[in-house]
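# Examining the three-dimensional arrangement
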Amino acid sequence: MIETIIAIAIGTIAGVGGTVTYSRNKQANTQNKAEQALAKAQEKASQIVLQAKDEAIQLENERRKELKKTESRLVDRETTIDRKLDDLDKRAERLRGQEDEVDKLKEEIRDIRKRQQEKLEKIAKLNKADAADKLLQMTERDIKNDLKGLIAKLQKDAMDDAEERAQTIILTAMERMSSEVTAERTVTAIKLTDEEMKGRIIGKEGRNIQALQRATGVDILVDDTPGMIVLSSFDPIRRQVARVTLEMLMKDGRIHPGRIEEVVAKAEKQIQKEVKQAGEDAAREVGVTGIPREMLQLLGELKYRTSYGQNVLMHSTEMAHMAGMIAEEIGADVRTVKIATLLHDVGKAVTHKVEGKHHHIGAELARKYGMKEEICHAIEAHHDDVEATTPEALCVRVVDALSAARPGARNISAENFVERMRDLENIATGFKGIDKAYAISAGREVRVIVRPESVDDLSAIKLSRDIANKIESTMQYPGTIKVNVIRETRAVEFAK
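As the structure is a prediction and not an experimental result, all values here were calculated from the model.

### A short note on a negative patch on the surface
Together, E78, D82, D86, D87 and D89 make up a region of like negative charge exposed at the surface. Counting through the fold element by element, E78 comes out in helix α1 (residues 2-124).

### Some thoughts on helix α5 (residues 236-252)
The end-to-end C-alpha distance of α5, which contains 17 residues, comes to 24 Å, matching closely the 24 Å that a straight helix rising 1.5 Å per residue would cover. Regarding α5, the residues found buried are P236, I237, R239, Q240, V241, A242, V244, T245, L246, L249 and M250. Remark: G253 follows α5 within two positions and exhibits a positive phi of approximately 95 degrees.

### Brief notes about the confidence of the model for the protein chain
Overall, the predicted model of the protein chain reaches an average pLDDT of 79, with 83% of residues at or above 70. Of all the helices and strands in the protein chain, helix α2 (residues 128-175) carries the lowest mean pLDDT, 67, while helix α11 (residues 373-380) carries the highest, 90. The model gives residues 178-184 a pLDDT under 50, and that stretch makes 20 contacts with residues more than four places away or in other chains.

### Focus on the pattern of salt bridges
Here the structure, examined in full by the defined rule, presents 16 salt bridges. As a salt-bridge pair, R259 and E262 come within 3.2 Å of each other at their nearest N and O atoms. Of this pair, R259 and E262 both sit in helix α6 (residues 257-286), separated by three residues, roughly a single helical turn. Using a relative accessible area of 11% as the deciding quantity, one classes R259 as buried. Residue E262 is classed as partly exposed on the basis of its relative accessible area of 40%. Residues participating in the shared-partner salt-bridge network are E364, R367, E373 and E380.

### Quick look at a positive patch on the surface
The grouping of K65, K68, K69, R73 and R77 at the surface amounts to a positive patch. Mapped onto the fold, K68 is located in helix α1. K68 sits in the exposed class, given a relative accessible area of 61%.

### Topic: a nonpolar patch on the surface
Together, I143, L147, L150, I151 and L154 make up an exposed nonpolar region whose accessible area comes to about 430 Å². Tracing the backbone through its elements, the reader meets I143 in helix α2. Among the residues examined, I143 registers a relative accessible area of 36% and is labelled partly exposed.

### As for the side chain of K338
Relative to the helices and strands, K338 resides in helix α9 (residues 334-342). Despite being buried, K338 has no salt bridge partner; E328 is the closest side chain of opposite charge, sitting 7.0 Å away. Apart from residues no more than four positions distant in its own chain, K338 is found in contact with V286, V288, A320 and G324.

### With respect to helix α8 (residues 312-330)
Over its 19 residues, α8 runs 26 Å from end to end, which matches the ideal 27 Å to within 8%, given 1.5 Å per residue. Note on α8: the residue one or two positions beyond its end, G331, has a positive phi of about 85 degrees.

### Brief notes about the packing of helix α4 (residues 207-216) against α6
As a packed pair, α4 and α6 sit with axes 9 Å apart at the nearest point and diverge in direction by 30 degrees. The angle between α4 and α6 falls in the class roughly parallel. In this structure, the crossing between α4 and α6 has a hand that is right-handed. Taken together, the residues of α6 that come into contact with α4 (itself represented by R207, N208, A211, L212, A215 and T216) are P257, I260, V264 and E268. Partitioned by chemical class, the residues of the contact of α4 with α6 number six nonpolar, two polar and two charged.

### Remarks on the packing of α5 against α6
Running from N to C, α5 and α6 cross one another at 125 degrees; their axes reach a closest spacing of 8 Å. Taken together, the axes of α5 and α6 lie oblique to each other. Between α5 and α6 lies a crossing of right-handed hand. In this structure, α5 uses I237, Q240, V241, V244, T245, M248, L249 and D252 to contact α6, whose residues at the interface are R259, I260, V263, V264, A267, E268, Q270, I271 and V275. Classifying every residue of the contact of α5 with α6 gives eleven nonpolar, three polar and three charged.

What counts and what doesn't
- Residues numbered from 1 in each chain as written.
- Predicted model: local features only at pLDDT ≥ 70, side-chain atom pairs only at ≥ 80, totals over all residues.
- Heavy atoms only, no water.
- Patch = residues over 30% accessible without salt bridge, like charges linked within 9 Å, V, L, I, M, F, W, Y side chains within 5 Å.
- Areas by Shrake-Rupley, 256 points an atom, 1.4 Å probe, with all protein chains shown as cover.
- Salt bridge = Lys/Arg side-chain N within 4 Å of Asp/Glu carboxyl O.
- Lys, Arg positive; Asp, Glu negative; His and termini not counted.
- Charge placed at Lys NZ, Arg CZ, Asp CG, Glu CD.
- Helix = DSSP H or I, 4+ residues; strand = E, 2+ residues; numbered from the N terminus.
- Expected span 1.5 Å × (residues − 1).
- Buried < 20%, exposed > 50% of the residue type's maximum accessible area, 1.4 Å probe, protein only.
- pLDDT = per-residue confidence, 0-100.
- Contact = heavy atoms within 4.5 Å.
- Axes fitted to C-alpha atoms, helices over the stretch in contact; angles between N-to-C directions.
- Parallel < 35°, antiparallel > 145°, perpendicular 65-115°, else oblique.
- Left-handed = near helix turned anticlockwise from the far one by under 90°.
- Nonpolar A, V, L, I, M, F, W, Y, C, P; charged D, E, K, R; others polar.

Written out as structure tokens, the structure is:
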């Protein structure tokens, strides 16, 4: 048993020793292979390094060659520049020499002229200033009368040409425009479908007609005239709203207070739309843009206003066309003239609401809505109480007179015109201290001549105001009337 165990132990030891020997041999072989691979890698790396060095050397050589070429070019360029600079220096030197020669020649010429002038002064016994004065005096004496005649002739020709040209421009503008006469009124008649409709409009115990008058602000007159009712109001917009309301109610057939209020609201919206459209159409017809929306609204309201047989919107549009023609001929600002002329009567849209004359109201409205001062001034100065200081304002004033005064523009007979002129003169002569009174400028001015011994300067001022107040309270007239009181003292004596 023990022998067996010993034998096993010996065999085990022998096997372990063999294994260790094998492992050592294998490790040695692996180490040899690794050393060989390392040597090969080192050899290859050395070759790569050598190759890189060669390439670097080649690149350095090429770079040096390029630098040498660049240096050579720079040297050549520097040489060329130096040569050109030398040439410029030589040329500048020559020019300086020539300038010196020119200066010497100028000085010689001055000396020659001075000597010649001295010789001439000795011969004529006059210096330069005296000779010039004497020559001017002789020339003035010789041609003075001719110049006077020439100036007078030129002034006369200019006046004649100016008057003829102004007449041509105005007549041409008048001939190119025409408009219809419209009856001026404060009532509107509406035709009814039948007599039964009168009772329906009046309503039970007058409820419907009272609701209509209350909602529209218009007096509704129902009389014995068959098939007609009359709307009366000084406000043409309200009258138009009432007319449209009644037409809608008659067409619908339902007439009662609740329905009336609803239809009045619809009619007001429709009229406002028509008013806005009328203002925009007028501006488009005249060919102007940039007018504030509020001013266009007021302009559109003039569609329903008349003045002495002229529809105010048609009158304004007609004037704007004529003003544009005249402004173009005289060189004024056409756009400013057209806008101012189109809006010149816009104050009439609110004269029943605002105190004052329509041209002052219109100018204030234009300023309120931010329009240019040139336009505001032209609106304000289209009547005589404000002086027109610009060509544009004068254009507006001229075409306003043309539109009102040309034949057929206003529905006024010659008899009525003469009667109005006579009334103006009679009002003026009705005051104490008046010697004579004349209605001139188509009734736009009353010229009053007073007796100086009866009326002093302060009284003349009061007299003009009193006459103006009486004209305002007793007469109806378009625009304004200027009252011009003249007090003159003359001293006359005869030498015998």
